[in-house]
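Structural features, examined
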Amino acid sequence: MSRRLELALEASGVGVWQLHPEKKRLIWDNRMGEIFGLGPESTTLGYDQFRERVHPDDIAEVEQALTAAIESRRKLVGQFRISTPSGETRIIRAYGVTHIMPDGERVVIGANWDVTKDILLQEELREAEERARNQNQELEAARNDLEFQALHDPLTGLPNRRYVERFIERLKATPATERKPIACIHIDLDRFKEVNDTAGHNVGDAVLRSISQVLVSLSNSACFLARIGGDEFVIFIQAANAGELASEIGASIVTRVAKPISADGREWRLGASVGIAVQDTSCDISQLIADADIALYEAKKRGKGRVRLYTPTLRSEFVTSRQLADEILAAIEQDQFVPFFQPQFDAKSLEIVGAEALVRWNHPERGLISPAAFLPVAEKIGKLCAIDEIILTKSLDAVRKFEVEGFKLPRVSVNVSAQRLREESFLSKLSSLRFNPGSLSFELLESISFDEEDHALSKAIESVRGMGIELEIDDFGTGHASLVSLIELAPHRLKIDRKLVKPLATSNSQRKLISSVVDIARSMDIGVVAEGVETFEQIEILRALGCSTLQGFRLAKPMPESEVVRFALGRGWMP
Ligand code: C2E
Ligand code: CA
Ligand code: CA
């Protein structure tokens, strides 16, 4: 028995001891000596020698356990630290039982074994686990962070396009019975590009931030607002009365954004165009977005600062203008835009003093197309400036040809769109042109907002003047520009719109109006061109009112380049 026990103890590294508490004597076996690092020969030692080895922080607990075990004869189970004479710390597990000897002495017999490695391992495991947990938390936080960044626009903090996609996916996954009517408001800022171009990107950013705050303040809890492009925002509204809400919010956006926006310590005037589409519970969200897009497109086409609600007729209009847009791009490439020339006459002598170049689309299948049919779409797709440039170049070429063929056209006027004036390369392109000073004139639409403080615009206009190009205000009397701002521009001529010329013969008040415009202009040394002169009567009245130049079907219709010289030399218009 004893040998078998010895074998088991040796294999397990368990040391056995026996404590005589009253005698303060401790007897232990060789393995105990090894466990305590005291060597195998220390088989009998005083209790104090044991106590010395126990970690000071653990002594109280050890002794309490011992006393309890001795007094109550309960089993002793515990764990404590010791330090070996060489300074190593070990963790010892203890198990003991109290016996009462025949002579009444109490003796505790117990076993110790070294669990340092197990405990360290456990601790390491726990630490590793803790580390892993912390790392997981960090990872989770980073993931949340990344996700937030991925779904939000850093400039405004609003949800971005990706978030919108996710929002849509979630909507699609909603069971049909739980869906509410939904409206989509698509918002595009007017004139934002100009702010960005003239004042710089920092100001542009500040403006965008201010506007996004405006949009946030106009949204409510039924709204999901996102920034989906440079100056484009979208709001989805889910509510029983989504359509009504969308119209209200859309209208307030247009009103509010039209007011001055403060950013970068200044006030900026922008505007917003809004397209709205609504769907009841039959939710085809991609369709909804496409519809709102079309409504926005139409809102912009009809002039800025408008709200348009999608209707099926809008779609067919839209499809045709999309086709037209593609055709315009092809026509530019295939050189199908040509100038027609409408001569202008001195009001007194009726001699030709110039000609206005007017674009025509020489379409291979549909023949000549007039500007009203394609210019609005060309403007929308940003190609108006390209067309203006083509007409300018071709007109100057034509004028040189006329001279070779025996007719010197004193001056050619070309129409210059706002788009062209603001084109970055505008001035550098002009400087490469050949023309005599005074022989080229630019017609600027009155509707180009000269009223606003716009440094880029005034700089462009000054440079144009500096190149010896004359300036005319086109369609005078139809826009809202103040006479004062026009006079500040100091144009060479005003062109009175044909709407004002038409009622001349019948309306006294119209005559008075034109008369006073002519008076003011003459006093400032500004010429007056009357457009749309269709009758001889009109010619006589305009002449009498002091109008300097006449243009209209009565004297000459716009004609192709090939007919100008024959017309001019033929003098068929003379009475
Ligand atoms: P606009 O500059 O006011 O040009 C005058 C328009 O009045 C021309 O129409 C001309 O054909 C028409 N017209 C001239 N005399 C009479 C008349 O006695 N009676 C009537 N009823 N009409 C007359 P068009 O050629 O169709 O041009 C329309 C508009 O398109 C032009 O108005 C101008 O704003 C724009 N446009 C034409 N060519 C160009 C161009 O090259 N660039 C740009 N940006 N716009 C252009
Ligand atoms: Ca014109
Ligand atoms: Ca005009």
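My aim in this report is to walk through the structure given alongside it, one point at a time. (Residues numbered from 1 in each chain as written. Chains lettered and ligands numbered in written order. Predicted model: local features only at pLDDT ≥ 70, side-chain atom pairs only at ≥ 80, totals over all residues. Heavy atoms only, no water.)

Quick look at the pattern of salt bridges
In the structure shown here, the tally under the stated rule is 31 salt bridges. For Asp-29, the salt bridge is made with Arg-31, and the minimal N-O distance between the two is 3.5 Å. Between Arg-227 and Asp-153 there is a salt bridge, and its shortest N-O distance comes to 2.9 Å. Placement of the pair is Arg-227 in strand E8 (residues 223-229) and Asp-153 in the loop between helix H5 (116-151) and helix H6 (161-173), with a sequence separation of 74 residues. You can call Asp-153 buried: its relative accessible area is 10%. Several salt bridges share partner residues, and in doing so they unite Glu-356, Glu-443, Lys-495 and Glu-531 into one network. (Salt bridge = Lys/Arg side-chain N within 4 Å of Asp/Glu carboxyl O. Helix = DSSP H or I, 4+ residues; strand = E, 2+ residues; numbered from the N terminus. Buried < 20%, exposed > 50% of the residue type's maximum accessible area, 1.4 Å probe, protein only.)

Things to note about the side chain of Asp-58
Structurally, Asp-58 is set in helix H4 (residues 56-72). Apart from the residues within four sequence positions on either side, Asp-58 is in contact with Phe-80 and Arg-81. (Contact = heavy atoms within 4.5 Å.)

Some details on the site of ligand 1
As a structural note, the neighbourhood of ligand 1 is formed by 22 residues, with Gln-342, Asp-388, Arg-498, Glu-534 and Phe-553 the closest of them. Between ligand 1 and the protein, one listed contact pairs an oxygen atom with a side-chain N or O atom of Asn-415 at 3.2 Å. Asp-474 is positioned such that a nitrogen or oxygen atom in its side chain is 3.0 Å from an oxygen atom of ligand 1. The protein chains hide 83% of the 800 Å² of surface that ligand 1 would expose on its own. Sorting the residues of the shell around ligand 1 by element identifies strand E15 (352-363), helix H13 (384-404) and strand E19 (470-476) as the ones contributing at least two each. Take the shell around ligand 1: its biggest share by element is four residues, from E15. Across the shell around ligand 1, the residue classes break down as eight nonpolar, five polar and nine charged. (Near = heavy atom within 4 Å. Polar contact = N/O pair within 3.5 Å; in protein donor to acceptor, adjacent residues only side chain to side chain. Areas by Shrake-Rupley, 256 points an atom, 1.4 Å probe, with all protein chains shown as cover. Nonpolar A, V, L, I, M, F, W, Y, C, P; charged D, E, K, R; others polar.)

Focus on the coordination of the calcium ion (ligand 3)
Surrounding the calcium ion (ligand 3) are the protein donor atoms Asp-474 (OD), Asp-475 (OD), Glu-531 (OE) and Glu-531 (OE), which sit 2.1 to 2.4 Å from the metal. Of note, the calcium ion (ligand 3) draws all its donor residues from one chain, in the sequence arrangement D-D-x55-E. Accessibility expressed as a relative area gives 23% for Asp-475, which makes it partly exposed. Residue class for Glu-531 comes out buried when judged on its relative accessible area of 8%. (Donors = N, O, S within 2.8 Å, 3.2 Å for Na, K, Ca; no water.)

Observations concerning helix H20 (residues 536-545)
Taken together, the buried positions of H20 are Gln-538, Ile-539, Ile-541, Leu-542 and Leu-545. Here the buried face of H20 lies against helix H18 (498-501), helix H19 (508-523), strand E21 (527-530) and strand E22 (549-550). Directly after H20, the chain includes Gly-546, whose backbone phi takes a positive value near 100 degrees.

Describing the pairing of strand E18 (residues 440-445)
Among the six residues of E18, five are classified as buried, and the element is accordingly described as predominantly covered. Summarising the sheet, strand E17 (residues 412-416) and E18 pair through five bridges and their orientation is parallel. In the sheet register, Val-412 faces E18, and the bridge partner there is Leu-440. Inspection of the sheet shows E18 paired to E19 by five bridges, in the parallel sense. What sits directly across from Ser-441, in E19, is Glu-470. (Pairing = 2+ DSSP bridges.)

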